[in-house]
Amino acid sequence: MNGALIRKNLDESKWLMLGCFMAVIVICAVRIWIVSQIETSNFRQIIEWLPGDLEKLSAVPFSWIITYPGRIALTYQEPIIILCLAVWCIARGSDCVSGELGRGTMEMLIAQPISRMQFLHSHTFVTVAGVVLITLGTFVGVWLGIELTVVHEKIYPTVQLPFFQEELPLPFMTAEERHTPMREKANLMLFVPAACNYLAFGIMLSGLTAFMSSWDRYRWRTIGIITAFHICQVLTKLLGMASTDFSWVLYLSIYSAYEPEVAVRIADVQPESVWQFWVNMDGMVVLGTSGYCSILLAFGIMGFLAAGKVFKNRDLPAPT
Amino acid sequence: MLVQTQNLKKMFGGFTALDDCSLSIKEGIVFGLLGPNGAGKTTLLRCLLGFLFPSSGAARVNGYDCHKETVKAHQSLTYLPGDAQLFGSMKGRKVLRFFSRLRSDCHLSDALQLAERFDLDLGRRVAFMSTGMRQKLALCVCLSTRAKVTILDEPTANLDPTVRGEVIRIVDEIRKQGRTVIFSSHVLSEIEEVCDRVVVMRRGVIVRDLNMAELKSKHRVHFQAPLGKIQVPKEFASNVTLHRNGSQVQLDVSGDLAFILNWMVGLQVSSVRVEPIGLRSVYDQCHRPIEAPHVDLPKIDSSGIAEVSGHCPEMTEVDPQAPKNPLSTPFPAKARGSSAELNDGVDSKEDIE
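Source: prediction; values computed, not measured.

**A short note on the overall build of chain B**
Thinking step 1. The helix and strand inventory of chain B stands at 11 helices and 19 strands.
Thinking step 2. For chain B, with 353 residues in total, the buried portion stands at 46%.
Thinking step 3. Contacts in chain B between residues far apart in sequence, at least 24 positions, make up 65% of those at least 6 positions apart.

Right, here's the structure in full:
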């Protein structure tokens, strides 16, 4: 790595990095505030009306999703939260080789006494630092949301059923309003595994984009290819989840390893297994948080290594 | 030798951009690379810089392999690309500071002095600089180092005449410091002015390797002489090449002119003209320009019908079926100047006795 190059890369990307960081903080906090505004009991009614088939589109049971931790965990599946990370990863990943080549700035840089690997590592360092910062932003947003919001609940008087040992609410009576801080409903530390999964996802996307950029000479083409890859992988995952006949295609989608809500559920339901690679859950052995993160990190690291190999051995064409 | 290439070859698919290029460049000279677009100059420079991996052969700068020891080779060189692009978001001063941090032999104070010499506004962002200003900024970056080899790819393109002259002076200063400059350009006068040695390239091959001191000692003498054989005295026959076209005589002379002028006094010559044999003549020998078809302006005769005359060197036969209206084809039946006519005027080299 090279200090001057790191400074230059930070300087070039600081506004995008800060923009994404601030955006994820605000979105996460606002989303948790929205969660606090709608009572869980309302969702229970909705879920009862939904056809049972829909549950297969979710990696976690609906009965858990409607809990406060479940609803907050879905923050990490919000398209805009994923978009912020994707914008950063694709923008910076595509810039590293094809971006500099396309702008014509590569020549002056590589003509200096720095190796190609130094150049690439300096770029990778800033890209990964940005991914870490954006992940931190989501966590800060979740923390702010949990700390600052209060859940408003209406508690109806209940009556004890004599033989069933259950309490029956009496909605026709005046409800008691109760204000509970969100931190009493959801523990912040439950979301650490989700943040780790988000971080690994960012590294995977950055690595693959850097690899695409390393052999290309046009940045727009790199962005096009990686965006098409992103869409195809999402569609593959959806197809695998929607149809049992095509469930095998889930193995073809790298996005099958991005399941932040599963990681939060494990932390919530089976805290002792939260960092295990494999977890025995609901009578099935499934991948745990470490499993998901390892797969994503492996792809990301392979992407960066392949980018280095390609960039080290390729011709650098004159700018067009 | 400071820069060496051995049988360097670079192919792009089936196209050979550089073929069997062997060069040795010593310290303290300005080495010129000359050739038209696509001759392989930039490919050669990019191979020296390690940007392109050669298909075969090797290149070394200061003893370091340009492709296996790139960083060490780059410590010995500095490079100005043909179309220098810098970071649009940075201001000029920041660009200079950045590059001075990137290499130990690049001093910010030197770069700032150069910027002052080029009258460059460093407070402006690169994105808002004109092409010429960007070129000046890149020159400041490149020329502020103390590298042993300075590679300049068309350094004066886009520059105004004042800065162009300044660049030539700086190149001369670098030479005086005992450092080497590789100077690639299309501008013959610049190459002629500043270079000690010039290589002419054509289609990826080195076709001429010229010592400029020798070239500058050569002159061309034109004169008219009475018809009859001209005999060059044996004592300086090896220094003279004679071409004759009727009464027009052309002598290419290397070395001192005094002896040849003394000899010409006895030849009853007239209309004597002496000129140095410049790089232009050598360049033209290597790259004969494609003659454009010549068409005279139409003459209007008394009947009002336009008549066009012209000649095309590629056109050897007149088409008897050509339309009668001479304006309907660019080279009509009444065209002038067939290849036979052109050959009549071609110089014939006489034996020197």
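Back to the write-up after that little detour.
**So, the pairing of strand β1 (residues 3–12) of chain B**
All names here are of chain B.
Thinking step 1. Pairing of β1 with strand β2 (residues 15–25) involves seven bridges; the strand directions are antiparallel. Directly across from V3, in β2, lies its bridge partner I25.
Thinking step 2. Of the pairings in the sheet, the one linking β1 to strand β4 (residues 56–61) comprises five bridges and is antiparallel in character. Each bridged residue has a counterpart across the sheet, and for K9 the counterpart in β4 is S56.

**So, the side chain of K10(B)**
Thinking step 1. Note that K10(B) resides in strand β1.
Thinking step 2. Polar contacts involving the side chain of K10(B) include one to the main-chain carbonyl oxygen of F53(B), which spans 2.7 Å.
Thinking step 3. With sequence-adjacent residues up to four places away left out, K10(B) is seen in contact with D315(A), F15(B), T16(B), A17(B), L18(B), T43(B), C47(B), L52(B), F53(B), P54(B) and S55(B).

**Things to note about the interface of chain A and chain B**
Thinking step 1. Facing 28 residues of chain A, the contacting portion of chain B comprises 27 residues.
Thinking step 2. Roughly 2400 Å² is buried in total at the junction of chain A and chain B, and carbon and sulfur atoms are behind 63% of that figure.
Thinking step 3. Scanning the region where chain A abuts chain B turns up three salt bridges.
Thinking step 4. Put simply, D315(A) and K10(B) hold a salt bridge, and the shortest N to O gap is 2.5 Å.
Thinking step 5. Put simply, chain A and chain B have 13 residue pairs in polar contact (both at pLDDT 80 or more) between them.
Thinking step 6. Put simply, the parts of the chain that give the side of chain A that touches chain B at least two residues each are α1 (3–37), α5 (79–103), α6 (106–110) and α12 (289–313) of chain A.
Thinking step 7. No other element matches α1(A), which puts six residues into the side of chain A that touches chain B.
Thinking step 8. Of the residues belonging to the side of chain A that touches chain B, the class tally is 11 nonpolar, six polar and 11 charged.

**Description of the packing of helix α3 (residues 92–102) of chain B against helix α5 (residues 131–143) of chain B**
Think of two packed helices as two axes; the pair is described by the angle between the axes and how far apart they sit.
Residues and elements named next belong to chain B.
Thinking step 1. Close contact between α3 and α5 brings their axes to 10 Å; oriented N to C, the two are set at 25°. Considering the angle they form, α3 stands roughly parallel to α5. Crossing hand, α3 versus α5: right-handed. Together, G92, V95, L96 and F99 of α3 and L137, C140 and V141 of α5 make up the contact between the two elements.

Cut-offs applied
Residues numbered from 1 in each chain as written. Chains lettered and ligands numbered in written order. Predicted model: local features only at pLDDT ≥ 70, side-chain atom pairs only at ≥ 80, totals over all residues. Heavy atoms only, no water. Helix = DSSP H or I, 4+ residues; strand = E, 2+ residues; numbered from the N terminus. Buried < 20%, exposed > 50% of the residue type's maximum accessible area, 1.4 Å probe, protein only. Contact = heavy atoms within 4.5 Å. Pairing = 2+ DSSP bridges. Polar contact = N/O pair within 3.5 Å; in protein donor to acceptor, adjacent residues only side chain to side chain. Buried area = accessible area lost by both parts, 1.4 Å probe. Salt bridge = Lys/Arg side-chain N within 4 Å of Asp/Glu carboxyl O. Nonpolar A, V, L, I, M, F, W, Y, C, P; charged D, E, K, R; others polar. Axes fitted to C-alpha atoms, helices over the stretch in contact; angles between N-to-C directions. Parallel < 35°, antiparallel > 145°, perpendicular 65-115°, else oblique. Left-handed = near helix turned anticlockwise from the far one by under 90°.

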